[in-house]
Amino acid sequence: MSAQQAKRRIGVLISGRGSNMVSLIEATRSGELDAEVALVLSDVAEAPGLQKAQELGVEARAIVPQRFRTKLTGDDAQLYATALKEAGVELVCLAGFMRIVKDPLLAAFPQRILNIHPSLLPSFPGLNAQEQAWSYGVKHSGCTVHFVDDTLDGGAIILQRVVPVLDEDTAETLSARILAEEHRLYPEAVGLILSGRYKVEERRVARL
Ligand code: GRF
């Protein structure tokens, strides 16, 4: 290799608009993140984020799973693993990817798949987390970056950020403030993982 070291390579998986994907790409371009987004994959052919990635000069394509609607497993998961490995990816970021990731993709990237979720986990996992939090009446919500395991939003937490719920909030205004925080938190968490300074805490209690 030349004196100039190759950049660490990240893959991003999306299903929709891809604003967190864009924030990760921008963080690599601004130098906040010393890495590059090498490949964007989507399980939805029409995901608007695919075009955004291409416009930013990032390789992006759909791999539409043939089986199941809510999980990525078996041969479908293998296609993702192969594409990411061929692109030289070492870290996979789920960013609005609406499927539970299973083996063989999980096994191909042990402790190397992250997700961002718009609540303070373990509160409000699953869909519409911002609306769940707002309807419940909590005074603080936020966002979480965590490792992915084969449970729904259940892997070890890496970083969280708190967003206060204001009296005048609607689910929409709360979602918008959480999203702005997500765009700061995800690049920070990715940088932490790539730095090797993050250790999963032993005191984490096994989940029932
Ligand atoms: C974000 O709120 C993220 O936390 C959740 O799905 C949403 C994706 O938004 N997992 P975007 O596609 O990144 O704009």
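Structure: above.
In this report, the structure presented in the accompanying data block is examined. Remember, it's a predicted structure, so these values are computed and weren't measured experimentally.

### Thoughts on the site of the ligand
- The ligand sits among Arg17, Gly18, Ser19, Asn20, Gly96, Ile116, His117, Pro118, Gln130 and Glu182.
- The contact in question runs from an oxygen atom of the ligand to an N or O atom on the backbone of Asn20, over 2.8 Å.
- Note that a nitrogen atom of the ligand is positioned 3.0 Å from one of the backbone N or O atoms of Ile116.
- A total of 370 Å² of accessible area belongs to the ligand in isolation, and the protein chains cover 86% of it.
- Those elements giving two or more residues to the shell around the ligand turn out to be helix H1 (19-30) and strand S7 (113-117).
- A per-class count over the shell around the ligand returns two nonpolar, six polar and two charged.

### With respect to the packing of helix H5 (residues 129-136) against helix H6 (residues 171-195)
- Where H5 contacts H6, the axes come no closer than 9 Å and their chain directions differ by 125°. Here H6 runs oblique to H5, going by the angle between their axes. The two elements H5 and H6 meet at a crossing, and its hand is right-handed. Residues Gln130, Glu131 and Trp134 of H5 form the contact with H6, whose own contacting residues are Ala171, Leu174, Ser175 and Ile178.

### Some words on the pattern of salt bridges
- Scanning the model with the defined rule gives eight salt bridges in all.
- The closest approach of N and O atoms between Arg161 and Glu188, which form a salt bridge, is 3.2 Å. Of this pair, Arg161 sits in strand S9 (residues 157-164) while Glu188 sits in helix H6, placing them 27 residues apart in sequence.
- For the salt bridge of Glu181 with Arg184, the shortest nitrogen-to-oxygen distance reads 3.0 Å. Linking Glu181 with Arg184, this pair stays in helix H6, spanning three residues, or about one helical turn.

### Observations concerning the side chain of Glu181
- The class of Glu181 is buried, set by a relative accessible area of 15%.
- Apart from the residues within four sequence positions on either side, Glu181 is in contact with Cys143, Arg161 and Val163.

### Remarks on the packing of H1 against H6
- For the pair H1 and H6, interaxial distance at closest approach is 9 Å and the crossing angle is 50°. Of the possible angle classes, the one that applies to H1 and H6 is oblique. Note that H1 runs across H6; the crossing there is right-handed. Counted together, Ser19, Asn20, Ser23, Leu24 and Ala27 of H1 and Leu179, Glu182, His183, Tyr186, Pro187 and Val190 of H6 form the full contact between these two elements.
- Residue composition of the contact of H1 with H6, by class: six nonpolar, four polar and one charged.

Reading the values: rules and limits
Residues numbered from 1 in each chain as written. Predicted model: local features only at pLDDT ≥ 70, side-chain atom pairs only at ≥ 80, totals over all residues. Heavy atoms only, no water. Near = heavy atom within 4 Å. Polar contact = N/O pair within 3.5 Å; in protein donor to acceptor, adjacent residues only side chain to side chain. Areas by Shrake-Rupley, 256 points an atom, 1.4 Å probe, with all protein chains shown as cover. Helix = DSSP H or I, 4+ residues; strand = E, 2+ residues; numbered from the N terminus. Nonpolar A, V, L, I, M, F, W, Y, C, P; charged D, E, K, R; others polar. Axes fitted to C-alpha atoms, helices over the stretch in contact; angles between N-to-C directions. Parallel < 35°, antiparallel > 145°, perpendicular 65-115°, else oblique. Left-handed = near helix turned anticlockwise from the far one by under 90°. Contact = heavy atoms within 4.5 Å. Salt bridge = Lys/Arg side-chain N within 4 Å of Asp/Glu carboxyl O. Buried < 20%, exposed > 50% of the residue type's maximum accessible area, 1.4 Å probe, protein only.

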